[in-house]
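Each chain is listed here by its residues.
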Amino acid sequence: MALCAGLFVLGIGSILVPGLSAPAAAQARLEAKYNATLAGIPVGKGTWTVSIQEDQFSAAVTGETAGLANVFTSGSGSGTVQGLLADGALAATVYRASTVTAKKSEQVFIALDRFTVKESSIVPEPPRDPDRIPVTEAHRRAVFDPMSASLVRVPGNSDLLTPEACHASAPVFDGRMRYDLSLGFKRMETVKAEKGYRGPVLVCALYFVPVAGYIPDRPVIKYLAAERNIEVALAPMVGTRFLAPFWVKIPTPLGPARLEATHFSVLPLLPKPQ
């Protein structure tokens, strides 16, 4: 599967939605395109759109392998989410994700109500593994889906790009796994997309903590849980109180994996007619 699809659709690119207080300041639409590289070699590409309106939101992501990755395998992924704004936070109601590779395809569905999972399914149903830590009903409450969790909400009316925006954590359920993500401030940088945003970004460390729905002995789980050098750069969705990922870096045994925006444009949305 494409690296970009894996980062966004399956959730390791999920960031956080801290604080449930004042509503977002405006309505806007993010249109972004990303390239994925491994050790500097192109391996994937993807697109991401997010629309935030006065009382609802939607988002869609697509990704596919590209370049050298197609020599070894090919794949694609997509995801969509719709939901409401609950006290300014993105409360998903329906999340869907689909991945396709040469060997298999999979569809994930999650229905939520006020951050509680009411229904979820994976088609085809994965085989049961006695080593997998079970997901309980408690694990399905007070959670975000991977897509809406990919935006950082900054409460208040102060500057968006401050170290305090990195002081957050979030519980995520992706249909299979329940895990926690947390951020930690690292530094400020300046970025320049080929089209769209040029300016400062907030660079945060990103920490992954598996909770349930995983097999403890899996090497990838052990690696991500122990890794302390995953970073995400957050850029402002101008006119709102949200930040969105501009790039994500993950160290791997094969070299650094990097997902970076080449196109990052935020457009205002007109208020809905009364």
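Attention in this report is confined to the structure presented alongside it. Every value quoted in this text rests on a predicted model; they were computed, and no experiment measured them.

### Quick word on the pairing of strand β12 (residues 198–212)
Step number 1: Here strand β10 (residues 178–192) pairs with β12 via 14 bridges, running antiparallel. Bridge pairing links Leu183 to Leu206 in β12.
Step number 2: Direction of pairing for β12 relative to strand β13 (residues 231–236): antiparallel, over a ladder of four bridges. Counterpart to Cys204 in the pairing with β13 is Val232.

### A few points about the layout of surface pockets
Step number 1: Taken as a whole, the second largest pocket encloses approximately 490 Å³ of empty space.
Step number 2: Lining of the second largest pocket is provided by 17 residues; of these, Pro126, Arg128, Arg132, Gly175 and Arg176 occupy positions nearest its centre.
Step number 3: Of the residues forming the lining of the second largest pocket, the biggest block, three residues, is contributed by strand β7 (residues 116–123).
Step number 4: The residue makeup of the lining of the second largest pocket, split by class, is seven nonpolar, four polar and six charged.

### Brief notes about the pattern of salt bridges
Step number 1: Tallied over the entire structure, the rule returns ten salt bridges.
Step number 2: Between Lys45 and Glu64 there is a salt bridge, with the nearest N and O atoms lying 3.7 Å from each other. Remark: Glu64 occurs in strand β3 (residues 56–65) and Lys45 occurs in strand β2 (residues 41–52); sequence separation between them is 19 residues.
Step number 3: Residue class for Glu64 comes out partly exposed when judged on its relative accessible area of 37%.

### Side note on the state of the cysteines
Step number 1: On inspection of all chains with the given rule, the structure shows one disulfide.
Step number 2: The side chain of Cys166 participates in a disulfide bridge whose partner is Cys204; the two sulfur atoms lie 1.8 Å from each other. Note on the Cys166 and Cys204 pair: the S-S dihedral is about -65°, so by sign convention the disulfide is left-handed. With a gap of 38 residues between them, Cys166 in the loop between β8 (152–153) and β9 (169–173) and Cys204 in strand β12 connect regions that are remote in the sequence. For the residue pair Cys166 and Cys204, the accessibility class agrees, reading buried in each case.

### Topic: the environment of Val94
Step number 1: Position of Val94 among the secondary structure elements: in strand β5 (residues 89–101).
Step number 2: Among the residues examined, Val94 registers a relative accessible area of 22% and is labelled partly exposed.
Step number 3: For the pair formed by Val94 and Ala111, sequence separation is 17 residues and the distance between their alpha carbons is 4.7 Å.
Step number 4: Other than its neighbours up to four places away in sequence, Val94 contacts Thr80, Val81, Gln82, Phe109 and Ile110.

### Considerations on the packing of aromatic side chains
Step number 1: Tallied over the entire structure, the rule returns four aromatic pairs.
Step number 2: On the basis of an interplanar angle of 70° and a centroid distance of 5.3 Å, the ring pair of Phe115 and Phe144 is categorised as edge-to-face. In this pair, Phe115 is assigned in the loop between β6 (105–113) and β7 and Phe144 in the loop between β7 and β8, connecting sequence segments 29 residues apart. Here Phe115 and Phe144 have matching classes, each one buried.
Step number 3: Following the ring pairs from residue to residue traces out a cluster consisting of Tyr197, Phe246 and Phe264.
Step number 4: Lying across the ring of Trp247, Lys249 places its NZ or CZ 4.2 Å from the centre.

Calculation rules
- Residues numbered from 1 in each chain as written.
- Predicted model: local features only at pLDDT ≥ 70, side-chain atom pairs only at ≥ 80, totals over all residues.
- Heavy atoms only, no water.
- Pairing = 2+ DSSP bridges.
- Helix = DSSP H or I, 4+ residues; strand = E, 2+ residues; numbered from the N terminus.
- 1 Å grid on protein atoms, 1.4 Å probe; cavity = no way out; pocket = protein on both sides within 12 Å on 5 of 7 lines; lining within 4 Å.
- Points joined across faces, edges and corners; volume = space filled by probe spheres on them.
- Nonpolar A, V, L, I, M, F, W, Y, C, P; charged D, E, K, R; others polar.
- Salt bridge = Lys/Arg side-chain N within 4 Å of Asp/Glu carboxyl O.
- Buried < 20%, exposed > 50% of the residue type's maximum accessible area, 1.4 Å probe, protein only.
- Disulfide = S-S within 2.5 Å.
- Contact = heavy atoms within 4.5 Å.
- Phe/Tyr/Trp six-rings, centres within 6.5 Å; stacked < 30°, edge-to-face > 60°.
- Lys NZ or Arg CZ within 6 Å of the ring centre and 35° of its normal.

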